[in-house]
Amino acid sequence: MSQPSKKLIYLKTDEEIERIKVSGQVLGKAHAEVARLIEPGVTTKELDQVAEEFIRDQGGVPSFKGYNKFPASLCISVNDAVVHGFPGKYVLKEGDIISIDCGVLLNGFHADSAYTYPVGEIRPEVKALLKRTYESLFKGIEKAVNGGRIGDIGYAVQSYVESFGYGVVRELVGHGVGKYLHESPEVPNFGRRGQGPKLQEGMVIAIEPMINLGKKNVVQEADGWTIRTSDHKPSAHYEHTVAVRKGQPEILTTFEYIEEVLSSRSLAIA
Ligand code: MG
Ligand code: MG
């Protein structure tokens, strides 16, 4: 999820970063519970119920539920939906892609991550979109080091995906994360090297490329939430919560559990 942020940048202590990591572990496992179930015939509502139940069983709270009146624990965005889709009666079908975005609040701290999955066999050009969007996330993460600038992250994501002719969504961005789900600074997926706020040890940010197979333009649905591509081509979204460190960033969320599930189902995207 990406929404307007609180104004101050809150630097985190090591202890606070550890707490975000604990939230990130529960979050990664919640994603994996959902990943197990993604196949043609399943409704998006069922996925949401499984995630909420898992998170609450672990003593956590789904960060999104009730956030600005968002009605669910997961943002589920299928095909040309970029982000902020609602779970509901939609039945997944072969050839869809589905982005699952989720947050967990535990011990006072949020973690936020997202993953886009194929539903059965998908078109090769869509498969390539998923793989390259995934790769762009890690190109951005590499730049989350002390002394750099926010623009270094956006530049890394943008220059990579634009080399394939993809569109980078401008209206929605990554964000600081911690006691609040959305804190400063904003973390755009586009930008110039050496520009924007300085990256400092102890900053915790959600980096979340939202990349379109076609043009960058998006529209908001009448429901007030769902964001779709204007040209109705598919869009992919991956997200990690990351601590800015000296030398090397520290990823606080995890795809490990998701990817165990995907490899066992021969659905790995990267
Ligand atoms: Mg998110
Ligand atoms: Mg986010």
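Residues numbered from 1 in each chain as written. Chains lettered and ligands numbered in written order. Predicted model: local features only at pLDDT ≥ 70, side-chain atom pairs only at ≥ 80, totals over all residues. Heavy atoms only, no water.

Asks: What is the right way to read the layout of surface pockets from this model?
Replies: One water molecule sets the probe size; rolling that probe over the atoms shows where empty space is left. In this model, the largest pocket occupies a volume close to 170 Å³. A total of 3 residues in the lining of the largest pocket trace back to one element, the largest contributor, which is strand β2 (residues 74–78). When its residues are assigned to classes, the lining of the largest pocket shows 5 nonpolar, 4 polar and 3 charged. (1 Å grid on protein atoms, 1.4 Å probe; cavity = no way out; pocket = protein on both sides within 12 Å on 5 of 7 lines; lining within 4 Å. Points joined across faces, edges and corners; volume = space filled by probe spheres on them. Helix = DSSP H or I, 4+ residues; strand = E, 2+ residues; numbered from the N terminus. Nonpolar A, V, L, I, M, F, W, Y, C, P; charged D, E, K, R; others polar.)

Asks: Before we go on, may I ask you to explain unusual backbone geometry in this structure?
Replies: What is expected of a backbone is that most residues other than glycine have negative phi and most peptide bonds are trans. With an omega of 0°, the peptide bond running from S184 to P185 counts as cis. With respect to the secondary-structure elements, P185 resides in strand β8 (residues 183–187). The phi torsion at H84 lies on the positive side, around 65°, for a residue other than glycine. By the secondary structure assignment, H84 is in the loop between β3 (81–83) and β4 (97–106).

Asks: Mind showing me how you'd approach the sheet that holds strand β13 (residues 235–237) here?
Replies: The strands that make up a sheet are held in pairs by hydrogen bonds between backbone atoms, and each pair lies either parallel or antiparallel. Pairing is antiparallel in the open sheet, where 3 strands are placed in the order β6-β10-β13. This sheet does not close on itself; its edge strands, each paired only once, are β6 (167–168) and β13. One ladder, built from 2 bridges, connects β6 with strand β10 (residues 210–212); its direction is antiparallel. Bridge assignment links G167 to a residue of β10, and that residue is N212. Contacting β10 and β13, helix α3 (residues 124–142) crosses the sheet at an angle of about 35° to β13. (Pairing = 2+ DSSP bridges. Contact = heavy atoms within 4.5 Å. Axes fitted to C-alpha atoms, helices over the stretch in contact; angles between N-to-C directions.)

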